[in-house]
Number of protein chains: 2
Amino acid sequence: MTPARRPTLADVAREVGVSAKTVSRVLNEDGPSSPDTRRRVLEAVAKLGFQPNLMARSIRTGGPDTTVGLVVPDMSNPFFGAVASGIEDAVRTRGLTLLMGSSHDDPHREQALIDTFLARRVSVLMVAPAAGSEHSRLQVHRAAGMPVVFLDRPGTGLTTDTVVSTNRSGTREGVAHLIAGGHSRIGFVGDLPTRLYTRRERLAGYREALADAGLSHDRALIADAHDPETAAEATARLLDLRDPPTALLSGNNTMTLGVLTQLARGGSKDIAVVAFDDVPIASILEPALTVVAQNPTAVGATAGAIAIRRLAGDRARARTVLVETHLILRGSGELAPRPGR
Amino acid sequence: MTPARRPTLADVAREVGVSAKTVSRVLNEDGPSSPDTRRRVLEAVAKLGFQPNLMARSIRTGGPDTTVGLVVPDMSNPFFGAVASGIEDAVRTRGLTLLMGSSHDDPHREQALIDTFLARRVSVLMVAPAAGSEHSRLQVHRAAGMPVVFLDRPGTGLTTDTVVSTNRSGTREGVAHLIAGGHSRIGFVGDLPTRLYTRRERLAGYREALADAGLSHDRALIADAHDPETAAEATARLLDLRDPPTALLSGNNTMTLGVLTQLARGGSKDIAVVAFDDVPIASILEPALTVVAQNPTAVGATAGAIAIRRLAGDRARARTVLVETHLILRGSGELAPRPGR
DNA sequence: TTGAAAGCGCTAACAT
DNA sequence: ATGTTAGCGCTTTCAA
């Protein structure tokens, strides 16, 4: 039992008794057609279950496809899910469909995905770069008129439109908040070394806030971690210092999980915490978690808007757009330092 | 300054001084080619930045595309992100790329996305149906040999492969756990009416657990909510009953947020809670949250495996595969009922 | 080992 | 209002 061939324009035309072009005209509302022909064509389309082959159309029209290719390091990360959602909403009105792939933070897979998208002639390419990837090969495609937008982190080897959160000023604001609450020894738990843009920026924001307040910068207060477990260990180590921090800034969601686990475990609930990145149930924690929240949907929406402008012919020079983070005060950052710890 | 045209096979052939077919042969490793020709072709490809046009190839070979189309109700929901990730890992080895779109839980957008995917000749279509959608139109495509897999919920009007969590037995297990802990009045906070498969199944599991234990089924203990706010209100209402529940089962993540918020607000921390669906920082809550965890990655991986088998020619009748949920005991479900509340 | 011609499904350009 | 021809970029078929 060989599967039925998908019906083509010609099949519909034969069924109705008109030419292929007429069917095409009806379906694309291109040129005139008599009401009667129109009706019969649509009937035949429904009867045969005809779906126009978009690839054949694209080939002929020569233009790019109607898709936006998006490469992210991790699809299961809600941040990128929200980014994707923002992009989709923005470009949907232009009839663009989102194509999404995950690089698993591997530069090779990232490159493979980019190649797939290019081969598919996406009309826009968006990339949230993996750590250590390189993008100079994209230059030629950008020159060929395809908009390229980097998200969350800038691309490497290529100057083009970029949309990132205010990692630096956001972290600075969070740390300044702790300082305003009377803290002078503030630990930083992050993923080091900071080769990655976002991590580097956040650490820089932390340092700036200390400098702004004229506080000395103690290297011992900066802890390296790579997952919740090591973040928990790092937190324990910080609190075991002879002159321990009275407040912590956690550099991302993963770190936050470890930091809070350790604080709960160690009964150190009086340590003030500000976390970079919001978490869904932050308000239920005790104390409720004060965060520097990103706005992933806005990041996506902004990237979508840029892409649309580029597609419309905007040839202005590449810009980097910063999407504001917001300090959300919930309690954990408002704990006063207790002397004698 | 008109953008440079993308190079084609013919451009490469001209550059090298061979025929298009020869270039095609080299690139697809189809048929023999002299080492010298091979080298020169590859050089020209690199020099021109040639990317084969996958759409043109698909057109000619007639076969389906090398993509898997996935429609989910909400991309920013981590559950579907993890599902997508599982699918991607499973199909990547077959050279398939994931195409993903969000229906925003709107049957019309779902249908539009499905049409787009069909028009793009995806080789597999996967759908996590929106509430109230209908899929009988897919029958003809399935007959044409395109695998269709439903995820998370069964499709409507069409019998085909389906992968769902053990919503019913999982909930039953969660409620049984509460009963084993001595609870006899157990509230259910969920999204009602239960037109949606997952909600219906979870409520059924709740009822089954009560019946198993010979407990009477009190309608007053079943509360309807649609978001965290109404879930919080519903929780408050349940606890204000003359004979209030001593334990709660929360039907999904959204409900859980509201339930926990209300328990924290009302100081009712001694109410036992089991939540359907895990949350990232469940272990940090006080008490740590006992959950019936789904395995979204496994749901995706299973769907991917099914699709691959179908593409390989498996014509067995459609199956529904259940992916196990797991009861994770963390504390909130182990609170004993206190008389005299 | 290589090439020429035909054709995939569709639409642009020009008829009628 | 409709049809004809040609051709998009590629691969298949057949020939050299």
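Small disclaimer: the values here were computed from a predicted structure and weren't measured.

Procedures and definitions
Residues numbered from 1 in each chain as written. Chains lettered and ligands numbered in written order. Predicted model: local features only at pLDDT ≥ 70, side-chain atom pairs only at ≥ 80, totals over all residues. Heavy atoms only, no water. Helix = DSSP H or I, 4+ residues; strand = E, 2+ residues; numbered from the N terminus. Expected span 1.5 Å × (residues − 1). Buried < 20%, exposed > 50% of the residue type's maximum accessible area, 1.4 Å probe, protein only. Polar contact = N/O pair within 3.5 Å; in protein donor to acceptor, adjacent residues only side chain to side chain. Contact = heavy atoms within 4.5 Å. Buried area = accessible area lost by both parts, 1.4 Å probe. Salt bridge = Lys/Arg side-chain N within 4 Å of Asp/Glu carboxyl O. Nonpolar A, V, L, I, M, F, W, Y, C, P; charged D, E, K, R; others polar. Least-squares fit on C-alpha atoms with pLDDT ≥ 70 in both. Axes fitted to C-alpha atoms, helices over the stretch in contact; angles between N-to-C directions. Parallel < 35°, antiparallel > 145°, perpendicular 65-115°, else oblique. Left-handed = near helix turned anticlockwise from the far one by under 90°. Near = heavy atom within 4 Å. Phe/Tyr/Trp six-rings, centres within 6.5 Å; stacked < 30°, edge-to-face > 60°. Pairing = 2+ DSSP bridges. UniProt positions renumbered as here; feature names shortened; annotations may be inferred. Domains from an automatic or database assignment. Core = buried A, V, L, I, M, F, W, Y, C linked by side-chain atoms within 4.5 Å.

Focus on helix H6 (residues 107–119) of chain B
All names here are of chain B. Compared with the 18 Å implied by 1.5 Å per residue over 13 residues, the 18 Å span of H6 between its first and last C-alpha is a close match. Taken together, the buried positions of H6 are occupied by Arg109, Glu110, Gln111, Leu113, Ile114, Phe117, Leu118 and Ala119. In this structure Asp106 caps H6, since a side-chain oxygen of it lies 2.8 Å from the backbone nitrogen of His108. Immediately downstream of H6, the backbone of Arg121 shows phi near 60°, a positive value.

Describing the interface of chain B and chain A
Between chain B and chain A, the residue contacts involve 58 residues of the former and 59 residues of the latter. Of the roughly 5,400 Å² buried at the junction of chain B and chain A (both faces included), carbon and sulfur atoms supply 60%. Taken as a group, Arg6(B), Met55(B) and Arg121(B) account for 14% of the area that chain B buries against chain A, more than any other trio of residues on that side. Across the chain B-chain A interface, the total number found is six salt bridges. Here Arg120(A) makes a salt bridge to Asp65(B), at a shortest N to O gap of 2.8 Å. Linking chain B with chain A are 16 residue pairs in polar contact (both at pLDDT 80 or more), by the criterion used here. Of all the secondary-structure elements, those providing two or more residues to the side of chain B that touches chain A are helix H4 (54–61), helix H5 (78–92), strand S2 (97–102), H6, helix H7 (139–143) and helix H11 (253–266) of chain B. Looking at which element gives the most residues to the side of chain B that touches chain A, the answer is H5(B), with eight residues. Residues that form the side of chain B that touches chain A fall into these classes: 28 nonpolar, 17 polar and 13 charged.

Section: the relation of the copies chain B and chain A
Superposing chain B onto chain A takes a rotation of 180° plus a shift of 0.1 Å along the axis, which leaves an RMSD of 0.2 Å. Considering both components of the superposition, the chain copies are consistent with a two-fold axis. Both copies share a contact surface, since 100% of the interface residues of chain B are interface residues in chain A too.

Focus: the packing of helix H10 (residues 228–239) of chain B against H11(B)
Residues and elements named next belong to chain B. Put simply, H10 and H11 touch, their axes get as near as 7 Å, and they point 50° apart. As judged from the angle between their axes, H10 and H11 are oblique. Of the two possible hands of crossing, H10 and H11 adopt the one that is right-handed. Along the contact surface, H10 presents Pro228, Ala231, Ala232, Thr235, Ala236 and Leu239, while H11 presents Thr254, Met255, Leu257, Gly258, Val259, Gln262, Leu263 and Arg265.

Describing the protein's contact with DNA strand C
Not every one of the 24 residues close to DNA strand C is listed here, only the nearest: Leu9(A), Arg57(A), Thr22(B), Thr37(B) and Arg60(B). Taking the atoms of DNA strand C that fall within 4 Å of the protein, sugar and phosphate contribute 58% of them. For DNA strand C, a base nitrogen lies 3.1 Å from a polar atom in the side chain of Arg60(B). At five residues, helix H4 (residues 54–61) of chain A tops the list of elements feeding residues into the surface near DNA strand C. Broken down by class, the residue content of the surface near DNA strand C amounts to eight nonpolar, 10 polar and six charged.

Looking at the packing of aromatic side chains
The geometry of an aromatic ring pair comes down to the distance between the two centres and the angle between the two planes. All names here are of chain A. Tallying each qualifying case throughout the model produces four aromatic pairs over all chains. Judged by centre distance (5.2 Å) and plane angle (85°), the rings of Phe79 and Phe80 are edge-to-face. Each member of the pair, Phe79 as well as Phe80, is classed as buried.

What to know about the protein's contact with DNA strand D
Near DNA strand D there are 24 residues, and of these Pro32(A), Arg60(A), Leu9(B), Lys21(B) and Arg57(B) occur at the shortest range. Between DNA strand D and Asn28(B), the relevant distance is 3.0 Å, taken from a phosphate oxygen to a side-chain nitrogen or oxygen of the residue. When residues in the surface near DNA strand D are grouped by element, the largest group, five residues, is from H4(B). Split by residue class, the surface near DNA strand D holds eight nonpolar, 10 polar and six charged.

Quick word on the sheet that holds strand S5 (residues 161–165) of chain A
Residue and element names in this part refer to chain A. Judged by pairing direction, the sheet is parallel, and its six strands sit side by side in the order S2-S1-S3-S4-S5-S11 without closing on themselves. A strand with exactly one partner marks an edge of an open sheet, and here the two such strands are strand S2 (97–102) and strand S11 (320–323). Along the sheet, successive strands turn relative to each other by an average axial angle of 20°, direction set aside. As paired strands, strand S1 (residues 67–72) and S2 are joined by six bridges and run parallel to one another. Directly across from Val68, in S2, lies its bridge partner Leu98. Contacts between helix H12 (residues 296–311) and the sheet are confined to strand S3 (124–127), strand S4 (148–151), S5 and S11, with S5 contributing the most and set at about 165° to the helix.

Overview of the packing of helix H2 (residues 20–28) of chain B against helix H3 (residues 35–48) of chain B
Residues and elements named next belong to chain B. As a packed pair, H2 and H3 sit with axes 10 Å apart at the nearest point and diverge in direction by 90°. With respect to H3, the axis of H2 lies roughly perpendicular. On H3, the residues that touch Thr22, Val23, Val26 and Leu27 of H2 are Thr37, Arg38, Val41, Leu42 and Val45.

A short note on the sheet that holds strand S3 (residues 124–127) of chain B
Residue and element names in this part refer to chain B. Taking strand neighbours across the sheet as the criterion, the six strands line up as S2-S1-S3-S4-S5-S11 in an open arrangement whose pairing is parallel. The open sheet has two edge strands, S2 and strand S11 (320–323), and neither has a second partner. Between one strand axis and the next, the sheet turns by 20° as a mean value, whatever way the strands run. Relative to S3, strand S1 (residues 67–72) runs parallel, the two being bridged by four bridges. Along S3, the bridge assignment pairs Val71 with Val127.

Side note on the environment of Leu215(B)
Residues and elements named next belong to chain B. With respect to the secondary-structure elements, Leu215 resides in the loop between helix H9 (197–212) and strand S7 (222–224). Along the chain, Leu215 and Ile186 lie 29 residues apart, while their C-alpha atoms are 10.0 Å from each other. Setting aside residues up to four positions removed in sequence, Leu215 forms contacts with Ile179, His183, Ser184 and Leu210.

Comments concerning the UniProt feature "domain: HTH lacI-type" (unreviewed entry) in chain A
Look at the UniProt record and you will see "domain: HTH lacI-type" (unreviewed entry) annotated at residues 7–61 of chain A. Along residues 7–61 of chain A, the helical share is 71% and the strand share 0%, with 21 Å between the first and last C-alpha atoms.

A look at the side chain of Thr160(B)
All names here are of chain B. Tracing the backbone shows Thr160 in the loop between strand S4 (148–151) and strand S5 (161–165). The class for Thr160 is buried, based on a relative accessible area of 4%. What Thr160 contacts, discounting residues up to four positions off in sequence, is Arg142, Val148, Phe150, Ala318 and Arg319.

Notes on the domain arrangement of chain A
Residues and elements named next belong to chain A. What the domain assignment reports for chain A is domain 1 (9–52), domain 2 (67–166 + 296–324) and domain 3 (167–295 + 327–334). Using only C-alpha atoms to locate each centre, domain 2 and domain 3 end up separated by 30 Å. Each partner contributes residues to the interface: domain 2 has 14 residues there, and domain 3 has 10 residues. A combined buried area of about 990 Å² lies between domain 2 and domain 3, and 53% of that area is made up of carbon and sulfur atoms.

Concerning the nonpolar core
Core analysis: the largest hydrophobic core is formed by 52 residues, its most contacted members being Met126(A), Leu151(A), Met126(B) and Leu151(B). Each residue touching Met126(B), except ones within four places of it in the same chain, is listed here: Val68(B), Gly69(B), Leu70(B), Val71(B), Ile87(B), Val149(B), Leu151(B), Ala303(B), Gly304(B) and Ala307(B). Ala231(A), Leu239(A), Leu263(B) and Val291(B) belong to the second-largest nonpolar core, a separate cluster that totals 46 residues.

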